[in-house]
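Residue-level listing of the chains:
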Amino acid sequence: MHRHTFASLPSHTTRAFTSTTPHRPPPPPHKYWLNITSTRSTLHSPYRHLSTTTTTTTTTISTPTMSDPHKPPNPSTLDPIESAKRKAAFRAVEEHFNSSMRFVGIGSGSTIVYGVEAIAAHLKAHPPPQPYQNWFVPTGWNSRKVIEAAGLLPIAFDSLPGDAMLEVCFDGADEVDEELNCIKGGGACLFQEKLVACRSKKFVCIADYRKDQKRLCTKWKTVPIEVAPIAHASVLRELKLIGSPDAALREHALAKTGPIQTDQSFYIIDAPFKQLLTSMDDGVWDVDSLAKRIKSINGVLEVGLFHGMNGYQTQKAGLQGGQKPVAVYFGLEDGEVLVRKADEIE
Ligand SMILES: O=C[C@H](O)[C@H](O)[C@H](O)COP(=O)(O)O
């Protein structure tokens, strides 16, 4: 079993994880988890009232209840959606992970918990030859906790050797279109996820069937945008000018707690847009131009649109990394897994 504590980490890694942001000391794990889930379930998630109805049964979609919120729940207790995510995660890991990978990125959210479970199971069954060590690069506090809870070794993004590329990164998404553009950031993580995706040879996305749409902003109606707190009002103003008059700062369910803060202590704005176009359409806001336009607004740190080239396309062009996944694994209602792959690996 690969179980490590900070005591066994190189000192630079320990330092990277124990330094705290002066304005936001890390809250206790349970509270943090509640922040994430309450934001997603009560304020933002388009799936919050969704239930899958058949002629005989109605299944309410629920957030997993876990004694340790960073560990995967017992598979026998999973509802159909969680079960679909878990199946997709195991298939994605089976097809894109192996024990000899040195650096692997780990995204954030409820789905990636199963990806990490699958990786830990793979390493248990196929341990790497010693002293070979696999390192896992988190995309935020929640992601690091999930890595640690699985007994895997985290390494901070800024502790990576300068020339190292990650072999792969696994992450979830809020919505994926038919060209594999993604909306991400529903759980307030997107900046570090983009950093890690762009430092990876390939991004492999894990999701459930609700996220699979022809165009972005279909069920997930808003684009999450991470902004500097001081600039939030001027970003809202400019979003209005480019066609999103109802863009809003994401706040805690408990109003007095104020705006949600990201791992960078920034704010999140959710900007509704009409269904976005793909490169095949003829129209105004296609994914690429909207993402670039929003990113150009002063005060915007990152946009929750993962678009442009995937890792294979950048390599072909002599570049590195890529925001778009090379493959998306959707867990389906019937227990099957639908895999959508970039043309490069069809
Ligand atoms: O901000 C969160 C991340 O972008 C997540 O990857 C995304 O929201 C999907 O999360 P989940 O797996 O919980 O649906």
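All values reported here derive from a predicted model rather than from experimental measurement.

About the cut-offs
- Residues numbered from 1 in each chain as written.
- Predicted model: local features only at pLDDT ≥ 70, side-chain atom pairs only at ≥ 80, totals over all residues.
- Heavy atoms only, no water.
- Pairing = 2+ DSSP bridges.
- Helix = DSSP H or I, 4+ residues; strand = E, 2+ residues; numbered from the N terminus.
- Salt bridge = Lys/Arg side-chain N within 4 Å of Asp/Glu carboxyl O.
- Near = heavy atom within 4 Å.
- Polar contact = N/O pair within 3.5 Å; in protein donor to acceptor, adjacent residues only side chain to side chain.
- Areas by Shrake-Rupley, 256 points an atom, 1.4 Å probe, with all protein chains shown as cover.
- Nonpolar A, V, L, I, M, F, W, Y, C, P; charged D, E, K, R; others polar.
- Buried < 20%, exposed > 50% of the residue type's maximum accessible area, 1.4 Å probe, protein only.
- Core = buried A, V, L, I, M, F, W, Y, C linked by side-chain atoms within 4.5 Å.
- Contact = heavy atoms within 4.5 Å.
- Axes fitted to C-alpha atoms, helices over the stretch in contact; angles between N-to-C directions.
- Parallel < 35°, antiparallel > 145°, perpendicular 65-115°, else oblique.
- Left-handed = near helix turned anticlockwise from the far one by under 90°.
- Arc of directions from axis to C-beta.
- Right-handed = clockwise from strand over helix to strand, strands pointing away.
- Domains from an automatic or database assignment.
- Buried area = accessible area lost by both parts, 1.4 Å probe.

## A closer look at the sheet that holds strand E6 (residues 175-176)
Across the sheet, three strands lie side by side as E6-E7-E13; this open sheet has antiparallel pairing. The two strands at the open ends of the sheet, each matched to only one other strand, are E6 and strand E13 (305-306). Where strand E7 (residues 182-183) and E13 come together, two bridges link them in antiparallel fashion. Across the sheet, Ile-183 pairs through a bridge with Leu-305, a residue of E13.

## Side note on the pattern of salt bridges
What the rule picks out here adds up to 16 salt bridges. The salt bridge involving Glu-117 is made with Arg-86; its shortest N-O contact spans 2.8 Å. Here Glu-117 is found in helix H4 (residues 112-125), whereas its partner Arg-86 is found in helix H3 (residues 80-96), with 31 residues between them in sequence. Where Glu-302 meets Lys-194, a salt bridge forms, and the shortest distance between an N and an O atom there is 3.0 Å. Of this pair, Glu-302 sits in strand E12 (residues 300-303) while Lys-194 sits in helix H6 (residues 191-197), placing them 108 residues apart in sequence.

## Quick word on the site of the ligand
Around the ligand, a shell composed of 17 residues is seen, among which Ser-110, Thr-111, Asp-174, Glu-193 and Lys-211 lie nearest. Within the side chain of Ser-110, one N or O atom sits 2.6 Å away from an oxygen atom of the ligand. In the environment of the ligand, an oxygen atom lies 2.5 Å from a nitrogen or oxygen atom belonging to the side chain of Thr-111. For the ligand, the accessible surface in isolation is 370 Å², of which the surrounding protein chains cover 98%. By residue class, the composition of the shell around the ligand is three nonpolar, eight polar and six charged.

## Focus: helix H5 (residues 141-149)
Counting buried positions over the nine residues of H5 gives seven, a clear majority of the element. Burial in H5 covers these residues: Trp-141, Asn-142, Ser-143, Arg-144, Val-146, Ile-147 and Ala-149. Looking one or two residues past H5, Gly-151 carries a phi angle of roughly 80 degrees, positive in sign.

## Description of the nonpolar core
Counting 29 residues, the largest nonpolar core has Phe-97, Val-104, Ile-106, Ile-119, Phe-136, Leu-152 and Phe-170 as its most contacted members. For this core, the secondary-structure elements that each account for two or more residues are H3, strand E3 (103-106), H4, H5, strand E5 (168-171), strand E8 (203-208) and strand E14 (327-331). Once residues within four sequence positions are removed from consideration, Phe-97 is found in contact with Val-104, Ile-119, His-122, Leu-123, Phe-136 and Phe-170. The next biggest cluster of nonpolar side chains, apart from the first, holds 27 residues, and it includes Ile-225, Val-235, Ile-242 and Val-287.

## Quick notes on the environment of Ser-265
Tracing the backbone through its elements, the reader meets Ser-265 in the loop between strand E10 (248-249) and strand E11 (267-272). Ser-265 gets classed as buried once you look at its relative accessible area, which sits at 13%. Considering only alpha carbons, one finds Ser-265 and Pro-229, 36 residues apart in sequence, at a separation of 8.2 Å.

## Some points on the packing of H3 against H4
The contact between H3 and H4 brings their axes to 8 Å, and the two run at 45 degrees. By the angle class used here, H3 and H4 are oblique. By crossing handedness, the relation of H3 to H4 is classed as right-handed. In this structure, H3 uses Glu-82, Lys-85, Arg-86, Ala-89, Phe-90 and Val-93 to contact H4, whose residues at the interface are Tyr-114, Gly-115, Glu-117, Ala-118, Ile-119 and Ala-121. Broken down by class, the residue content of the contact of H3 with H4 amounts to seven nonpolar, one polar and four charged.

## Some thoughts on helix H8 (residues 287-295)
Residues of H8 that are buried include every one of Val-287, Leu-290, Ala-291 and Ile-294, and no others. One side of H8 carries all its buried residues, which in axial view fall inside an arc of 100 degrees. Buried residues along H8 sit in contact with strand E9 (222-227), helix H7 (232-241), E12 and E13. For H8, the N-terminal cap is Asp-286; the gap from its side-chain oxygen to the backbone nitrogen of Asp-288 is 3.2 Å.

## Digging into the pairing of strand E4 (residues 135-138)
Along E4, one buried face is formed by Trp-135 and Val-137 and the opposite face, lined by Phe-136 and Pro-138, is buried too. Handedness of the crossover joining E3 and E4 through H4 is recorded here as right-handed.

## Here we look at the domain arrangement of the protein
Reports of interface size often rely on the accessible area that becomes lost once the parts have come together. Split by domain assignment, the protein resolves into domain 1 (6-210 + 307-345) and domain 2 (222-304). Across the contact, 30 residues belong to domain 1 and 25 residues belong to domain 2. Buried surface at the junction of domain 1 and domain 2, both sides included, amounts to about 2300 Å², of which 55% is carbon and sulfur. Counting across the domain 1 and domain 2 interface gives one salt bridge. Inspection of the domain 1/domain 2 interface yields nine residue pairs in polar contact (both at pLDDT 80 or more). When contributions to the side of domain 1 that touches domain 2 are tallied by element, the ones reaching two or more residues are helix H2 (29-44), E7 and H6. A per-element tally of the side of domain 1 that touches domain 2 places H2 first, with seven residues. Its residues assigned to classes, the side of domain 1 that touches domain 2 shows nine nonpolar, 15 polar and six charged.

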